[in-house]
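# Structural overview for review
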Amino acid sequence: MDTVREKVAKGERLSFEDGVFLYSAPLIEVGELANSVRERINGNVAYWVSNRHLNYSNVCVLTCLFCAFARKPGEEGAYEYSLEEAFAKAEELRGTNATEIHIVGGLHPDLPWEYYTDLLKGIKARLPHLHLKCFTAVEIDFFARKFGKSIEQVLRELMDAGLDSLPGGGAEMFAERVRKKICKFKITGQEWKDIHKVAHRLGLKSTATMLYGHIEKPEDCVDHMIQLREMQDETHGFTAFIPLLFHPENSILSHIRKSSGLLDLRHIAVSRLMIDNFPHIKVYWIMTGSRVAQVALSFGADDMDGTVREEKITHMAGATSPQQMTEDELKALIREARRVPVKRDTVYTSLEVGAPL
Ligand code: V47
């Protein structure tokens with residue numbers, strides 16, 4: 001641990017071996033070190049955003065073993081919102097302080113290209129102040145293939161329709177060994193990164209996730225983090241890294257035991273130490289629960305995500321957290337964790353800084 005501590009003190013980059021070591025080192029020491037880096041980068045604040053998730057459809061042509069959200073066309077529980085239904089969901093944000101809408105869905109075999117562009121245009125026309133964080137790289141790749149466009153063309157047309165940034169979903173675990181088992185029909189890790197590279201080149205910011213708690217090994221997680229760190233060196237387009245905790249219920253992998261709070265904290269801490277060039281590490285309270293999220297704010301995380309308002313992907317997989325939190329609840333949780341709550345927009349402009357502790 002001393003070697004890693006020294007490197008961190010000197011601002012030296014940690015190696016693959018250091019990362020793997022951190023997965024077996026005493027958690028409290030890893031957390032303390034990660035907290036020192038977190039405080040160096042972000043001081044004593046913890047960010048949150050007033051947002052809403054909108055999942056336009058769960059119909060998906062893929063079969064990912066971890067997913068409890070997707071349905072095949074015509075299967076019981078399959079849905080797709082009409083544009084009017086989607087606009088009505090967005091309209092719920094009128095008169096609130098929300099600044100962001102996070103839109104993702106399954107790979108729907110039948111929706112036309114205009115559905116996606118009209119969805120963004122319609123929301124922008126109704127609520128022009130909302131930041132549209134929409135479509136994972138997996139959806140972007142699907143649109144390109146289905147509608148015979150290049151990735152750049154898809155992104156440009158979506159940007160013309162109102163797209164402001166890309167969310168980080170679909171990254172899962174880049175390691176081919178793992179990907180082949182849990183989501184073999186999905187784009188590869190390299191393709192996921194290439195799409196974000198194009199987005200960054202076009203001036204869009206994005207986030208990056210990592211799904212853990214299934215069949216991965218520490219080596220796979222460290223490899224995932226180093227790949228993102230290397231890409232960020234090139235593009236500087238990522239704002240935040242978000243480790244996502246696999247929820248097994250109702251998925252093909254339902255025999256796997258759900259990860260523990262301690263493992264959640266370790267992923268937060270190791271990622272803060274390994275991914276030294278991402279400005280933010282987000283703890284997604286929907287998946288960890290608010291209790292672990294509060295502790296995570298002293299283990300490397302500086303961002304709690306947001307109000308969310310409606311969450312389907314994790315709740316269909318057995319999440320027991322609420323589906324939304326009010327702004328006051330989020331601020332109180334952050335304050336109780338001895339951090340100053342800062343309301344941010346999607347690209348981390350501070351909108352409201354809480355009183356000092
Ligand atoms: O891509 C799917 C994951 C992701 C399960 O970018 C599951 O700021 C747990 O990406 N158990 C979607 N996870 C959510 C996501 C996200 C969430 C919050 C913020 C941001 C951001 C992104 O959820 C999917 C997949 O990796 N997922 N099924 C499951 N059973």
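Residues numbered from 1 in each chain as written. Predicted model: local features only at pLDDT ≥ 70, side-chain atom pairs only at ≥ 80, totals over all residues. Heavy atoms only, no water.

## Section: the site of the ligand
- Around the ligand sit 23 residues, and of these Lys-133, Gly-170, Glu-172, Thr-207 and Lys-282 come closest.
- Between the ligand and the protein, one listed contact pairs an oxygen atom with a side-chain N or O atom of Lys-133 at 2.7 Å.
- Taking Glu-172, its side chain carries an N or O atom lying 2.4 Å from an oxygen atom of the ligand.
- At the level of secondary structure, the elements contributing two or more residues to the shell around the ligand comprise strand E6 (205-212) and strand E7 (238-245). (Near = heavy atom within 4 Å. Polar contact = N/O pair within 3.5 Å; in protein donor to acceptor, adjacent residues only side chain to side chain. Helix = DSSP H or I, 4+ residues; strand = E, 2+ residues; numbered from the N terminus.)

## Describing the packing of helix H10 (residues 218-235) against helix H11 (residues 261-274)
- At a minimum axis separation of 10 Å, H10 and H11 run at an interaxial angle of 35°. Viewed along their axes, H10 and H11 form a crossing whose handedness is right-handed. Where H10 abuts H11, its residues Cys-221, Val-222, Met-225, Ile-226 and Arg-229 lie against His-267, Val-270, Ser-271 and Met-274.
- Residue classes in the contact of H10 with H11 are distributed as 6 nonpolar, 2 polar and 1 charged. (Axes fitted to C-alpha atoms, helices over the stretch in contact; angles between N-to-C directions. Left-handed = near helix turned anticlockwise from the far one by under 90°. Contact = heavy atoms within 4.5 Å. Nonpolar A, V, L, I, M, F, W, Y, C, P; charged D, E, K, R; others polar.)

## Focus on the pattern of salt bridges
- Scanning the model with the defined rule gives 26 salt bridges in all.
- Between Lys-149 and Glu-157 there is a salt bridge, with the nearest N and O atoms lying 3.2 Å from each other.
- Judged by its relative accessible area of 18%, Lys-149 is buried.
- Residue Glu-157 is classed as partly exposed on the basis of its relative accessible area, which comes to 25%.
- Ionic contacts of the salt-bridge type, sharing partners, join the residues Arg-52, Lys-89, Glu-92, Glu-310 and Lys-312 into one network. (Salt bridge = Lys/Arg side-chain N within 4 Å of Asp/Glu carboxyl O. Buried < 20%, exposed > 50% of the residue type's maximum accessible area, 1.4 Å probe, protein only.)

## Details of the packing of aromatic side chains
- Inspection of the entire model under this criterion finds 20 aromatic pairs.
- With centroids separated by 5.4 Å and ring planes inclined at 85°, the aromatic side chains of Tyr-115 and Tyr-116 adopt a geometry described as edge-to-face.
- The exposure class assigned to Tyr-115 is buried, which follows from its relative accessible area of 7%.
- Look at Tyr-116 and you get buried, because its relative accessible area is 0%.
- Relative to Phe-143, the ring of Tyr-116 lies with its centre 4.2 Å away and its plane at 40°, an arrangement referred to as tilted. Residue Tyr-116 is located in helix H5 (residues 113-126), and its partner Phe-143 is located in helix H6 (residues 137-147); the two are separated by 27 residues in the primary sequence. (Phe/Tyr/Trp six-rings, centres within 6.5 Å; stacked < 30°, edge-to-face > 60°.)

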